[in-house]
Amino acid sequence: MIVKPVAHIEYFTEKFKVIDRPLVLPTKWHEEQSQTNFQTAATFVGHFDDCVVHSTPPLLVTKDNHMITDHVWPLLWKTKHKPQKSHNLWKKWSDKLEISLPNVTENHNEQNNYVWMPIDEESCNNPWHVWIDVISKLRLVSELKEKHMFDYVYVFPCMGTYLQKVLEEIFPHMKYCVMPKNKTWRFKHLIVPSMSNRDDGVTNPHTIQWLRTFGPQKSTPNKRIFITRKDALTRQLVNSEELLFALAGFEPVELSQYSIVEQMRIFDSATHVVSTHGAGLVNLLWCQHGTKVIEINHIEQLDKKVYPILSDRCGLDHVVLYGEKIPLDHKDKPKGIKRINDMANIKIDVQQVLKHI
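As the structure is a computational prediction, the values presented were derived from the model and not from experiment. (Residues numbered from 1 in each chain as written. Predicted model: local features only at pLDDT ≥ 70, side-chain atom pairs only at ≥ 80, totals over all residues. Heavy atoms only, no water.)

Peer 1: Outline the overall build of the protein, supporting the account with residue identities and numerical values.
Peer 2: Counting its secondary structure elements, the protein contains ten helices and 21 strands. The globule rule puts the C-alpha radius of gyration for 357 residues at 21 Å, and the 21 Å found for the protein is close to it. Projecting the C-alpha coordinates of the protein onto the three principal axes gives extents of approximately 60 × 45 × 35 Å. Counting every position in the protein, which comprises 357 residues, the buried fraction comes to 54%. Within the protein, counting contacts between residues at least 6 apart in sequence, those at least 24 apart form 73% of the total. Carbon and sulfur atoms form 47% of the exposed surface of the protein, whose accessible area is close to 16,500 Å². (Helix = DSSP H or I, 4+ residues; strand = E, 2+ residues; numbered from the N terminus. Rg over C-alpha atoms; globule rule 2.2 N^0.38 Å. Buried < 20%, exposed > 50% of the residue type's maximum accessible area, 1.4 Å probe, protein only. Contact = heavy atoms within 4.5 Å. Areas by Shrake-Rupley, 256 points an atom, 1.4 Å probe, with all protein chains shown as cover.)

Right, dumping it as structure tokens:
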């Protein structure tokens, strides 16, 4: 089968109603950042008839042989250009791609019933991708106003522990099915919402405010918390004990020890949050307006805009401090780490942190 990968947004915006038009919004967190104005994505909900979806990697092929990945769920560079390491659907990436999909194993013939929710295996345990790239799509489905968003059946190409916890704890009424690995299913009609996140972190403020409605009932903030990241593979703070000792009155928090609801409550109750850069900071969604956030990173990550932009959308007081990069051996990149340049720990000047408390 010869397919044409779709990369340009106009393919979708000319076919389907635009829900969010692009916005250009300024965010500043460092004097030397390379960009200060960020454009959000146009969002939409696509409708495809007589299409097939594949689970590993997640992709959709229309009846006229267009392959849908970008703006719905982007394929990793390795997936595109080194298919022999992750799949056998094609040999060489190009504008016209010869792919070999497995035979269809399930047919779904209902109309206006199924919603495609692609996510890859490397992301379904990542809190940032789960909330910002996947759960945010429910807002777009709700904008259809044809049925309640929980009256649809959501089709996931894979399922991770974190994603499953979110669905069980926060969206217990959600109906969904999970495709087995390396399978192809056919749909008579499939609803396909776009991603709200653009360029790794440029999020629409409407999306963020909608997500925040799922947080806990507001408390009176009274905690100062330090996110330990003890169980993280990278970006651990090598002098964390020294910093925690200096941060008198701060409570150490290891997020993996708490349920999703408990994590929400911890961040809702925080007046101050100190943490190295990591996906657990997506919990800033639940912080109250004006919460002080100190994010610790190393200077090679100066343009990491994810959490400064998220804090800006949430009305938080966000500072990024840069410490010394402590490289890690990356000959054998651990499973769950997407990028080699993430393979580092950090050492921070404790006095620098204390100045910003």
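Peer 1: How would you summarise helix 3 (residues 127-135) if you had to cite specific residues and measurements?
Peer 2: In terms of residue burial, helix 3 counts as a mostly covered element, since nine of its nine residues are buried. Those residues of helix 3 not exposed but buried are P127, W128, H129, V130, W131, I132, D133, V134 and I135. Of the residues that open helix 3, the one with a side-chain oxygen 2.9 Å from the backbone nitrogen of W128 is N126. (Polar contact = N/O pair within 3.5 Å; in protein donor to acceptor, adjacent residues only side chain to side chain.)

Peer 1: Could you give me a rundown of unusual backbone geometry, with the residues and numbers involved?
Peer 2: Trans peptide bonds make up the majority, and among non-glycine residues the majority have a negative phi. For the peptide bond that leads from T56 to P57, omega is 0°, which places it in the cis range. Unlike most non-glycine residues, D50 shows phi in positive territory, near 50°. Summarising the element assignment, D50 is placed in strand 5 (residues 43-54). Phi at K145 is positive, roughly 60°, even though this residue is not glycine. With respect to the helices, strands and loops of the structure, K145 is situated in the loop between helix 4 (137-142) and strand 11 (153-156).

Peer 1: Outline the pattern of salt bridges, supporting the account with residue identities and numerical values.
Peer 2: One pass over the full model with this rule turns up nine salt bridges. Across the pair E121 and K181 runs a salt bridge, and its minimum N-O distance is 3.8 Å. With E121 in the loop between strand 10 (114-116) and helix 3 and K181 in the loop between strand 12 (175-178) and strand 13 (184-193), this residue pair connects regions lying 60 residues apart in the sequence. A salt bridge links K304 to D200; its shortest N-O distance comes to 3.8 Å. On the criterion of sequence distance, the pair formed by K304 in the loop between strand 19 (292-298) and helix 9 (306-314) and D200 in the loop between strand 14 (197-198) and strand 15 (202-203) is long-range, its members being 104 residues apart. When its relative accessible area of 14% is taken as the criterion, K304 is described as buried. (Salt bridge = Lys/Arg side-chain N within 4 Å of Asp/Glu carboxyl O.)

Peer 1: Could you give an account of the environment of N113, naming the residues involved and the relevant values?
Peer 2: Among the structural elements, N113 can be located in the loop between strand 9 (104-108) and strand 10. Given the relative accessible area of 15%, N113 is considered buried. N113 sits 76 residues away from H189 along the chain, and the two C-alpha atoms are 7.8 Å apart. Sequence-distant contacts of N113, defined by excluding residues within four places in its chain, comprise K147, D151, Y152 and V153.

Peer 1: Pulling in residues and values, what's your account of the packing of helix 5 (residues 161-170) against helix 8 (residues 260-268)?
Peer 2: Here helix 5 crosses helix 8 at 80°, and the two axes come no closer than 9 Å. Between helix 5 and helix 8, the angle falls in the class roughly perpendicular. Within the contact between the two elements, helix 5 uses Y162, K165, V166, E169 and I170 and helix 8 uses I260, V261 and M264. (Axes fitted to C-alpha atoms, helices over the stretch in contact; angles between N-to-C directions. Parallel < 35°, antiparallel > 145°, perpendicular 65-115°, else oblique.)

Peer 1: Outline helix 9, supporting the account with residue identities and numerical values.
Peer 2: It helps to recall that an α-helix has 3.6 residues per turn; residues three or four apart then point in one direction. The buried fraction of helix 9 is high, at eight of nine residues. Those residues of helix 9 lying buried are V306, Y307, P308, I309, L310, S311, R313 and C314.

Peer 1: Got a sec to walk through the packing of aromatic side chains? Specific residues and values, please.
Peer 2: Going through the model one piece at a time under the given rule, you end up with 14 aromatic pairs. With 5.8 Å between their ring centres and 90° between their planes, F156 and Y176 make a pair best called edge-to-face. With a gap of 20 residues between them, F156 in strand 11 and Y176 in strand 12 connect regions that are remote in the sequence. A relative accessible area of 0% places F156 in the buried class. Residue Y176 is classed as partly exposed on the basis of its relative accessible area of 30%. The structure contains a cluster of three or more aromatic residues connected by ring pairs, namely W131, F150, F171, W210, F214 and W286. Sitting over the face of the ring of Y11, K15 holds its NZ or CZ atom 5.0 Å from the ring centroid. (Phe/Tyr/Trp six-rings, centres within 6.5 Å; stacked < 30°, edge-to-face > 60°. Lys NZ or Arg CZ within 6 Å of the ring centre and 35° of its normal.)

Peer 1: How would you explain the sheet that holds strand 18 (residues 270-276) if you had to name every residue and give the values?
Peer 2: Ordered by their spatial adjacency, six strands build an open sheet running 17-16-18-19-20-21, and the pairing between neighbours is mixed. Both edges of this open sheet fall to strand 17 (251-253) and strand 21 (344-347), since each of them pairs with a single strand only. Strand after strand, the sheet turns through a mean of 30° between neighbouring axes, direction not considered. Taken together, the seven bridges between strand 19 and strand 20 (residues 317-327) define a ladder with parallel strand orientation. Within strand 20, the position partnered with N297 by the bridge is Y322. On the sheet, helix 8 packs against strand 16 (223-227), strand 17 and strand 18 and is oriented at approximately 115° with respect to strand 18. Together, strand 19 and strand 20 form the strand contacts of helix 9, whose direction differs from that of strand 20 by roughly 170°. (Pairing = 2+ DSSP bridges.)

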